[in-house]
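One letter stands for each residue in the lines below.
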Amino acid sequence: MIGQDFEKIHFDIWGFHFLEPNALIGDLLLFSIAFCFSLKIKKYNSQHPFYKNWRRFYFIFSLSFLIGGIGHFCFNYLGLWGRYPSWIFGMLSTYFICLAQISLWPKQNQQQRFKNLAAVLLLIGIGLEIYVFNTQNLSMDQSKGLTIPSIISGLGLIFSLFILGLYYQRTIHPQFKFFWIAVLTLLPNAFIQSQKLNLAPWFDRNDFGHVLLAISLFLYWKGIEAYKG
């Protein structure tokens, strides 16, 4: 189905009425993958800001999808309040990616400026998202709630993974190419979401996005492994 979404799948058990079990499954898979990677980073130098912030990213990212999956599944009971935390956590996880990548920048004075800009970007994103929560009728179109997080995360990822990834590929390790490749991997998701391309009720545009996100998590890890700081 193109241009519109399938009707949400209903799932009743023990007298409770749940929605979108496919979204719950996809979100729980992303939670598991990200949480496992957050634990794997422990074997590296946990005090180095590169590893420390990548670990924070994986942990916050895992929480965002755990909460998001529950929000989808229990929408009849939680309403939009079950979605808000995951949207905020998504921007926060991107912020930690920025800090991790910026920590390798060779010039300390510029490094601090980049950190400040990343913090400002996060605060702007959270502020605008709170504004959307309070002024937009998201019950009619929940995609409006994803617009700000998508823009903020997109800007953060382009700078920290694409631009810095290309630079670090030349100056630190060739395997840092996996960072900018991950960004390219995620690009089709913007088209899929905007055009509402849904393959089937059990595998809609969000499920396709989950597949791309899972691939990106593995690509991030390939880049992280290359650094021996």
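You'll find the structure just up there.
Let me begin by describing the structure that accompanies this report. Computed from a predicted structure; not experimentally measured.

### A few points about the overall build of the protein chain
Phase 1: In terms of regular secondary structure, the protein chain is built from 8 helices and 2 strands.
Phase 2: Counting from the amino terminus, the protein chain carries its helices and strands in the arrangement β-β-α-α-α-α-α-α-α-α.
Phase 3: Scored against the burial criterion, the 229 residues of the protein chain give a buried share of 46%.
Phase 4: Long-range pairs, those at least 24 residues apart, make up 72% of the contacts in the protein chain between residues at least 6 apart in sequence.
Phase 5: Carbon and sulfur atoms make up 68% of the accessible area of the protein chain, which totals about 11,900 Å².

### Describing the packing of helix H4 (residues 84-102) against helix H6 (residues 144-171)
Phase 1: Here H4 crosses H6 at 15 degrees, and the two axes come no closer than 9 Å. The pairing of H4 with H6 is recorded here as roughly parallel in orientation. Both H4 and H6 take part in a crossing whose hand is left-handed.
Phase 2: Looking at the contact of H4 with H6, its residues break down into 14 nonpolar, 7 polar and no charged.

### What about H4?
Phase 1: Counted at 1.5 Å a residue, the expected span for H4 with its 19 residues is 27 Å, and the 28 Å between its end C-alpha atoms agrees.
Phase 2: Within H4, 15 of the 19 residues are buried, leaving the element largely enclosed by the surrounding structure.

### So, the nonpolar core
Phase 1: Formed by 54 residues in total, the largest nonpolar core has its most connected members in Phe50, Trp54, Phe57, Tyr58, Leu217, Tyr220 and Ile224.
Phase 2: For this core, the secondary structure elements donating two or more residues are helix H1 (21-40), helix H2 (49-73), H4, helix H5 (108-135), H6, helix H7 (177-195) and helix H8 (205-226).
Phase 3: Per-element tally for this core: the top contributor is H4, with 11 residues.
Phase 4: Apart from the residues within four sequence positions on either side, Ile224 is in contact with Ile41, Phe50, Tyr51, Trp54, Tyr58 and Phe179.

### A look at the packing of aromatic side chains
Phase 1: One pass over the full model with this rule turns up 31 aromatic pairs.
Phase 2: Pairing Phe37 with Trp221 gives two aromatic rings, centres 5.2 Å apart and planes at 25 degrees, and the pair type is stacked. Residue Phe37 is found in helix H1, and its partner Trp221 is found in helix H8; the two are separated by 184 residues along the sequence.
Phase 3: With relative accessibility at 6%, the residue Phe37 sits in the buried group.
Phase 4: Here Lys177 stacks its cationic end above the ring of Phe178, 5.6 Å away from the centre of that ring.

### Focus: the environment of Ser216
Phase 1: Among the structural elements, Ser216 can be located in helix H8.
Phase 2: C-alpha of Ser216 to C-alpha of Val183: the two residues are 33 residues apart in sequence and 7.6 Å apart in space.
Phase 3: For Ser216, the contacting residues outside a window of four places in its chain are Ala182 and Leu186.

### Some words on the side chain of Ser153
Phase 1: Relative to the helices and strands, Ser153 resides in helix H6.
Phase 2: Note on Ser153: relative accessible area 13%, which makes it buried.
Phase 3: Ignoring any residue separated from it by four or fewer positions in sequence, one finds Ser153 in contact with Gly90, Met91 and Thr94.

### Things to note about a nonpolar patch on the surface
Phase 1: Nonpolar side chains collect at one region of the surface, where Trp14, Phe16, Ile70, Tyr77 and Leu78 lie side by side and expose about 600 Å² of accessible area between them.
Phase 2: The class for Trp14 is exposed, based on a relative accessible area of 77%.

### A closer look at H1
It helps to recall that an α-helix has 3.6 residues per turn; residues three or four apart then point in one direction.
Phase 1: Taking 1.5 Å per residue as the helical rise, H1 with its 20 residues ought to reach 28 Å, and the 29 Å between its terminal C-alpha atoms agrees with that figure.
Phase 2: Among all positions of H1, only Pro21, Asn22, Ala23, Leu24, Gly26, Asp27, Leu30, Ala34, Phe37 and Ser38 are buried.

### Topic: the environment of Asn53
Phase 1: Following the sequence through the fold, Asn53 ends up in helix H2.
Phase 2: Residues Asn53 and Ser103, spaced 50 residues apart in sequence, show a C-alpha to C-alpha distance of 9.1 Å.
Phase 3: In this structure, Asn53 is in contact with Phe96, Leu99 and Ala100, ignoring residues within four places of it in sequence.
Phase 4: A distance of 2.9 Å separates a polar side-chain atom of Asn53 from the backbone oxygen of Pro49.
Phase 5: Side chain to side chain, Asn53 and Arg56 meet in a polar contact 3.1 Å long.

What counts as what
Residues numbered from 1 in each chain as written. Predicted model: local features only at pLDDT ≥ 70, side-chain atom pairs only at ≥ 80, totals over all residues. Heavy atoms only, no water. Helix = DSSP H or I, 4+ residues; strand = E, 2+ residues; numbered from the N terminus. Buried < 20%, exposed > 50% of the residue type's maximum accessible area, 1.4 Å probe, protein only. Contact = heavy atoms within 4.5 Å. Areas by Shrake-Rupley, 256 points an atom, 1.4 Å probe, with all protein chains shown as cover. Axes fitted to C-alpha atoms, helices over the stretch in contact; angles between N-to-C directions. Parallel < 35°, antiparallel > 145°, perpendicular 65-115°, else oblique. Left-handed = near helix turned anticlockwise from the far one by under 90°. Nonpolar A, V, L, I, M, F, W, Y, C, P; charged D, E, K, R; others polar. Expected span 1.5 Å × (residues − 1). Core = buried A, V, L, I, M, F, W, Y, C linked by side-chain atoms within 4.5 Å. Phe/Tyr/Trp six-rings, centres within 6.5 Å; stacked < 30°, edge-to-face > 60°. Lys NZ or Arg CZ within 6 Å of the ring centre and 35° of its normal. Patch = residues over 30% accessible without salt bridge, like charges linked within 9 Å, V, L, I, M, F, W, Y side chains within 5 Å. Salt bridge = Lys/Arg side-chain N within 4 Å of Asp/Glu carboxyl O. Polar contact = N/O pair within 3.5 Å; in protein donor to acceptor, adjacent residues only side chain to side chain.

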